[in-house]
Amino acid sequence: MELKYKRILLKLSGEALAGEKKSGFDETVIASICGGIRKAHDQGVQIGIVVGGGNFWRGRSSGKMDRMDADKIGMLATVMNALAVKDALRQQGVPAVVMTSAVMPQVAETFTSDKAIAALEAGTIVVFGGGTGNPIFSTDTASALRALEISADAMLKATMVDGVYDKDPHKYPDAVRYETLTFTKVLDERLAVMDSTAASLCRDNDLPILVFDLGDPDNIARAACGEKVGTLVRE
Ligand code: UDP
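Residues numbered from 1 in each chain as written. Predicted model: local features only at pLDDT ≥ 70, side-chain atom pairs only at ≥ 80, totals over all residues. Heavy atoms only, no water.

Peer 1: In this structure, what is going on with the overall build of the protein? I would like to understand it.
Peer 2: When helices and strands are tallied, the protein shows seven helices and eleven strands. The globule rule puts the C-alpha radius of gyration for 235 residues at 18 Å, and the 17 Å found for the protein is close to it. Projected onto its principal axes, the C-alpha positions of the protein cover 50 × 50 × 35 Å. Going through the 235 residues of the protein one by one, you find that 50% of them count as buried. A fraction of 70% describes how many contacts in the protein between residues 6 or more apart in sequence connect residues 24 or more apart. A total accessible area of about 11100 Å² is found for the protein, and carbon and sulfur atoms account for 50% of it. Placing the 27 positive and 31 negative side-chain charges of the protein at their respective mean positions leaves the two points 2 Å apart. (Helix = DSSP H or I, 4+ residues; strand = E, 2+ residues; numbered from the N terminus. Rg over C-alpha atoms; globule rule 2.2 N^0.38 Å. Buried < 20%, exposed > 50% of the residue type's maximum accessible area, 1.4 Å probe, protein only. Contact = heavy atoms within 4.5 Å. Areas by Shrake-Rupley, 256 points an atom, 1.4 Å probe, with all protein chains shown as cover. Lys, Arg positive; Asp, Glu negative; His and termini not counted. Charge placed at Lys NZ, Arg CZ, Asp CG, Glu CD.)

Peer 1: It is not clear to me how the packing of helix 4 (residues 139–149) against helix 6 (residues 196–205) should be interpreted in this structure. Could you clarify?
Peer 2: Two packed helices can be described by the angle between their axes and the distance between those axes. At a minimum axis separation of 8 Å, helix 4 and helix 6 run at an interaxial angle of 20 degrees. Compared by their axis directions, helix 4 and helix 6 come out roughly parallel. Handedness of the helix 4/helix 6 crossing: left-handed. Two secondary-structure elements touch here, helix 4 through Asp140, Thr141, Ala144, Leu145 and Leu148 and helix 6 through Thr197, Ala198, Leu201, Cys202 and Asn205. Residue composition of the contact of helix 4 with helix 6, grouped by class: six nonpolar, three polar and one charged. (Axes fitted to C-alpha atoms, helices over the stretch in contact; angles between N-to-C directions. Parallel < 35°, antiparallel > 145°, perpendicular 65-115°, else oblique. Left-handed = near helix turned anticlockwise from the far one by under 90°. Nonpolar A, V, L, I, M, F, W, Y, C, P; charged D, E, K, R; others polar.)

Peer 1: Help me understand the pairing of strand 6 (residues 154–159) in this model?
Peer 2: Two faces belong to every sheet, and in a regular strand the side chains alternate between them. Of all six residues in strand 6, six are buried, a share of seventy percent or more. A two-sided burial pattern is seen for strand 6, the buried positions comprising Ala154, Leu156 and Ala158 on one face and Met155, Lys157 and Thr159 on the other. For strand 1 (residues 7–12) and strand 6, the ladder comprises four bridges, and the chain directions are parallel. Looking at the pairing, Lys11 lines up with Lys157 of strand 6. (Pairing = 2+ DSSP bridges.)

Peer 1: Can you walk me through the environment of Glu227 in this structure?
Peer 2: Relative to the helices and strands, Glu227 resides in the loop between helix 7 (219–224) and strand 11 (231–233). Each C-alpha atom, one on Glu227 and one on Glu149, is 25 Å from the other, the two residues being 78 residues apart in sequence.

Peer 1: Before we go on, may I ask you to explain the site of the ligand in this structure?
Peer 2: Close to the ligand lie 21 residues, the nearest being Gly54, Asp71, Thr132, Asn134 and Thr139. One of the backbone nitrogen or oxygen atoms of Gly74 is found 3.4 Å away from an oxygen atom of the ligand. Between Phe137 and the ligand, the recorded distance is 3.1 Å, taken from a backbone N or O atom to a nitrogen atom. Compared with its free state, where it exposes 520 Å², the ligand has 95% of that area covered by protein. Here the element with the most residues in the shell around the ligand is helix 2 (residues 67–91); it accounts for three residues. Along the lines of polarity and charge, the residues of the shell around the ligand split into five nonpolar, twelve polar and four charged. (Near = heavy atom within 4 Å. Polar contact = N/O pair within 3.5 Å; in protein donor to acceptor, adjacent residues only side chain to side chain.)

Peer 1: Hey, could you run me through helix 3 (residues 113–121) in this one?
Peer 2: Within helix 3 the residues assigned to the buried category are Ala116, Ala119 and Leu120. When helix 3 is viewed along its axis, its buried side chains cluster within an angular range of 100 degrees and face the same direction. Across helix 3 from its buried face, at more than 90 degrees, point the exposed residues Asp114 and Glu121. Elements in contact with the buried residues of helix 3: strand 1, strand 2 (46–51), strand 3 (96–100) and strand 5 (125–129). (Arc of directions from axis to C-beta.)

Distances and angles like these do not, on their own, reveal function.
As structure tokens, this is what we get:
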């Protein structure tokens, strides 16, 4: 199959790794997601992955804790998730490496764009841990940033719904799904696709985002090949 996107940045939420449990890891679910990633990899797609941390911790919902410390804990949660995804990929025979924003040599390699691109070109999947390395930001923003740093053709945002709707499809049965959308509309109408920092970074740097349903992990390969899955956001 002809590839539409030769190099992608896949954003997985932390919650996706927890399955029904909503927190921690569900190894069966992680293996199934990684099976979908493997299929895309088998087709020759170069894949970078950013994983969120919401299955363990979110800085902004930490109550009384100092926000900077809370966000550091959140970033460390994303490193744990990155290690779990790397491990599950390797167990399926897919070469994978973790690169972190913060320096932690006993845990993983430190991210540089040169090293990441060299690994991708050699067919290794790079899982980026630690978000942007800065508090206040999100892993959506980290995904947009890493996508730009590795010159990805698109960011693929895997979610629990099959695209972007004009209102919450779980609450409103008449919600309409967009096939395409601009970042300006996402920002103006505050559509719940990604946070506005991530959306404006994508708009300013012309990075398309495909929002699609991870319920069927084969959608990852479908999306990379340009099949119609989900909603395409671009300016
Ligand atoms: N985080 C951060 N800086 C970053 C990325 C993440 O401080 O660049 C922290 C922040 O506390 C966030 C947590 O890590 O709440 C987990 O990330 P996120 O909420 O984006 O994960 P997701 O909701 O996608 O699982």
